[in-house]
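The primary structure of each chain is shown beneath.
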There are 2 protein chains.
Amino acid sequence: MYLGIDLGGTNISIGLVTEEGKILLKDSVPTSSERGYEAVVKDMAELSLKIIENYGIHLVDIQSVGVGSPGLPDVKNGKILYSNNLGFRDTPIREEFNKYISKPVYVENDANCAALGESTIGATRNYKDSITVTLGTGIGSGIILDNKIFSGSFYGGGEMGHMVICVDGEPCTCGRCGCWEAYASATALIRETRVAAAKFPDSELFNMISGNIKLISAKTPFDAADKGDEVAIEIIGNYFKYLSEGIANLINIFQPEVIAIGGGVSAQGDRFIERIYKNLEKLIYGNRIQTKIVLCELGNDAGIVGAAMLRN
Amino acid sequence: MYLGIDLGGTNISIGLVTEEGKILLKDSVPTSSERGYEAVVKDMAELSLKIIENYGIHLVDIQSVGVGSPGLPDVKNGKILYSNNLGFRDTPIREEFNKYISKPVYVENDANCAALGESTIGATRNYKDSITVTLGTGIGSGIILDNKIFSGSFYGGGEMGHMVICVDGEPCTCGRCGCWEAYASATALIRETRVAAAKFPDSELFNMISGNIKLISAKTPFDAADKGDEVAIEIIGNYFKYLSEGIANLINIFQPEVIAIGGGVSAQGDRFIERIYKNLEKLIYGNRIQTKIVLCELGNDAGIVGAAMLRN
């Protein structure tokens, strides 16, 4: 059995996972990264031991431990070189974790773990080559080639959210302007919805939130559009346009067998995928879309499963 | 020994190539694709036989034949599924060539062949993972992963020229708007230079071409900038900006060991590369550029060498 640790900005989620990727038991604790990495890793180890105990097995039954973390990993040395979210810089996760539990520890980027998780038992399980894109606060993305994570020569690749699709466009947290993330993340959709609500106080959109734009979530414009609100319909049309342009780029560059899309925004289900396909028809060279677009299946479990699947 | 065939829009160039990628003898004939593919392939075969004879060897000394063609290849079946340039559609290159010469024939996209050629004996020879980008009429590009061509699951990937960097931007030949090719190809540079010359008849740029914008080549703005022409300096600044944004995207997505840049525009040499590096410093996440940017070394021979290196 394996331990998969999804080290998030809010929670540390840990799962006991089988060789095949099935989660047997999982639990979580708050991350509170402001305490420093030593305290965070100590909690990771303690929760790991608790899960092992609760499931009624022993440490000897664990083959290895995988950790998915935001930021740039040093896969070889089991470190996180840099994570803005967690305040990590050259942080020796493996070394610190081994102070408590002496097992092989593998460290990866969290979005890469999610892609590996979907590729193991989720939406992309029947394909060798896939890309998984998660639309959330930012855009998380991971590339799977030949059933393995591909992250370039220095572990920093696979950052498709930071592919510029509008030169000189919206500012991005990465320092560039016009990144895909600045147009197609849930954050971007909320931003555009707030601006539109502020602009059109007569809209149903404005009415739904009683003018309090802080109440807007990524679901709000979809709900307003369902009620026929023209303002919301336009926001969503634009959102799908930018989302689809980025996906078309990925197809032209990678032409993977499948692209899986997840995150709260995609909760619209099949009609979410249908709108992307409809846009892609106009965007793909030769108009033959051979890449399948599907919804992610594992939700937050993807990161745990993928982390547990990390190997040497 | 191997035959490498670079099937271009203007010429068919064929080289007799060693196992190591050295061209022993090469020759070319006009393509004249309007005659139909049968005549073109017949010329390919006849020139192949002529080269073999002229070098004083026999057909039995040839292991295999590689063909690099514009368009979308069906690598498995040795066809070109579609090439706008050559008017090909589901064109059975292998089958037709085998009517004249009975050897294994491998068919690939020409830009992928150029990337493989540079990776064999050219600018990227010391690296396992590389991207080669050729700035010409369009942007040709090829991805080499683990010393092999990567073109996705259906042979249509690696088309980085058709990565949109400006949604709703300049129209591209592929049907999308805002493709990298529409900003960073030689064609794009010439277009912008013509527009600027037309706008500023008092510029040195205008003066250099005596107002005949048909005389503008990709070299013209560089020459005018060298003379201190402000209009040309701005054109070139913009050109490098868009070129660098696309390269930054490739680094964020692939983080390859090296990106090689070729084509007439890059004839500016080292200072061409220096300008790209200078722009990249502002664009790369974390500001650590680990990917090397270099100039292509093989020029037009890259396609011949790469085609000769194609294997099963």
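About the thresholds
Residues numbered from 1 in each chain as written. Chains lettered and ligands numbered in written order. Predicted model: local features only at pLDDT ≥ 70, side-chain atom pairs only at ≥ 80, totals over all residues. Heavy atoms only, no water. Disulfide = S-S within 2.5 Å. Least-squares fit on C-alpha atoms with pLDDT ≥ 70 in both. Phe/Tyr/Trp six-rings, centres within 6.5 Å; stacked < 30°, edge-to-face > 60°. Lys NZ or Arg CZ within 6 Å of the ring centre and 35° of its normal. Helix = DSSP H or I, 4+ residues; strand = E, 2+ residues; numbered from the N terminus. Polar contact = N/O pair within 3.5 Å; in protein donor to acceptor, adjacent residues only side chain to side chain. Contact = heavy atoms within 4.5 Å. Salt bridge = Lys/Arg side-chain N within 4 Å of Asp/Glu carboxyl O. Buried < 20%, exposed > 50% of the residue type's maximum accessible area, 1.4 Å probe, protein only. Axes fitted to C-alpha atoms, helices over the stretch in contact; angles between N-to-C directions. Left-handed = near helix turned anticlockwise from the far one by under 90°. Nonpolar A, V, L, I, M, F, W, Y, C, P; charged D, E, K, R; others polar. Parallel < 35°, antiparallel > 145°, perpendicular 65-115°, else oblique. Buried area = accessible area lost by both parts, 1.4 Å probe.

A. Quick look at the state of the cysteines. All names here are of chain B. Considering all chains together, one arrives at 0 disulfides over all chains under this definition. Sulfur of C172: no disulfide; nearest cysteine sulfur belongs to C179 and is 3.8 Å away. In this model C177 remains outside any disulfide bridge; the closest cysteine sulfur is found in C179, 8.1 Å from its own.

B. Fine view of the relation of the copies chain B and chain A. Of the transformation superimposing chain B on chain A, the axial component is 0.0 Å and the angular component is 180°, with the fit at an RMSD of 0.0 Å. Each copy turns onto its partner about a two-fold axis.

C. Region of interest: the packing of aromatic side chains. Counted under the stated rule, the structure contains 11 aromatic pairs over all chains. Feature note: the residues F150 and F254 of chain A together with F150 and F254 of chain B constitute an aromatic cluster, connected by ring pairs. Lying over the aromatic face of Y2 of chain B, R311 of chain B brings its terminal NZ or CZ to 3.8 Å of the ring centre.

D. Seen up close, the side chain of E96 of chain A. Residues and elements named next belong to chain A. Here E96 lies in helix α2 (residues 93-98). A polar side-chain atom of E96 sits 3.1 Å from a polar atom in the side chain of K99. When near neighbours in sequence (up to four residues on either side) are disregarded, E96 contacts Y37, E38 and V41.

E. Examining the pattern of salt bridges more closely. Scanning the model with the defined rule gives 28 salt bridges over all chains in all. Note that D168 of chain A is salt-bridged to K241 of chain B, the shortest N-O span being 2.4 Å. A residue pair is termed interchain when its members come from two chains, as with D168 of chain A in the loop between β11 (148-150) and α4 (181-184) and K241 of chain B in helix α8 (residues 230-254). Judged by relative accessible area, which is 52%, D168 of chain A ranks as exposed. K241 of chain B sits in the partly exposed class, given a relative accessible area of 24%. Note that K26 of chain B is salt-bridged to D301 of chain B, the shortest N-O span being 2.5 Å. Of this pair, K26 of chain B sits in strand β3 (residues 23-30) while D301 of chain B sits in helix α10 (residues 301-309); the two residues are 275 residues apart in sequence, bridging distant segments of the chain.

F. Representation of the packing of α8 of chain B against helix α9 (residues 270-283) of chain B in the model. All names here are of chain B. Direction vectors running N to C along α8 and α9 enclose 60°, while the axes themselves pass 9 Å from each other. Helix-helix and strand crossings are classified by hand; for α8 and α9 the assignment is right-handed. In this structure, α8 contributes I236, G237, Y239, F240, K241, L243, S244, E245, I247, A248 and I251 to the contact, and α9 contributes F272, R275, I276, N279, L280 and L283. Here the contact of α8 with α9 is composed, by residue class, of 11 nonpolar, 3 polar and 3 charged.

G. Structural context of the packing of helix α3 (residues 110-121) of chain B against α10 of chain B. Residue and element names in this part refer to chain B. Running from N to C, α3 and α10 cross one another at 85°; their axes reach a closest spacing of 6 Å. Compared by their axis directions, α3 and α10 come out roughly perpendicular. Taking contact as the criterion, the partners of C113, A114, L116, G117, E118, T120 and I121 in α3 are, on α10, A302, G303, V305, G306, A307 and M309. Grouping the amino acids of the contact of α3 with α10 by side-chain chemistry returns 8 nonpolar, 4 polar and 1 charged.

H. Molecular detail of the environment of S48 of chain B. Residue and element names in this part refer to chain B. Inspection of the secondary structure assignment puts S48 in helix α1 (residues 37-55). Here S48 falls in the buried class, since its relative accessible area comes to 0%. Non-local contacts of S48, meaning those with residues more than four positions away in its chain, are made with L3, I5, I14, F97 and I101. Only 2.7 Å separates the side chain of S48 from the backbone oxygen of M44, close enough to count as a polar contact.

I. Looking closely at the interface of chain B and chain A. Each side of the interface is counted separately: chain B has 41 residues, and chain A has 42 residues. Carbon and sulfur atoms make up 56% of the surface buried where chain B meets chain A, a total of about 3,600 Å² over both sides. There are 4 salt bridges connecting chain B and chain A. Run the count over chain B and chain A and you get 32 residue pairs in polar contact (both at pLDDT 80 or more). Counting residues per element, the ones that place at least two in the side of chain B that touches chain A are β10 (139-145) and α8 of chain B. In terms of residue class, the side of chain B that touches chain A is made up of 21 nonpolar, 12 polar and 8 charged.

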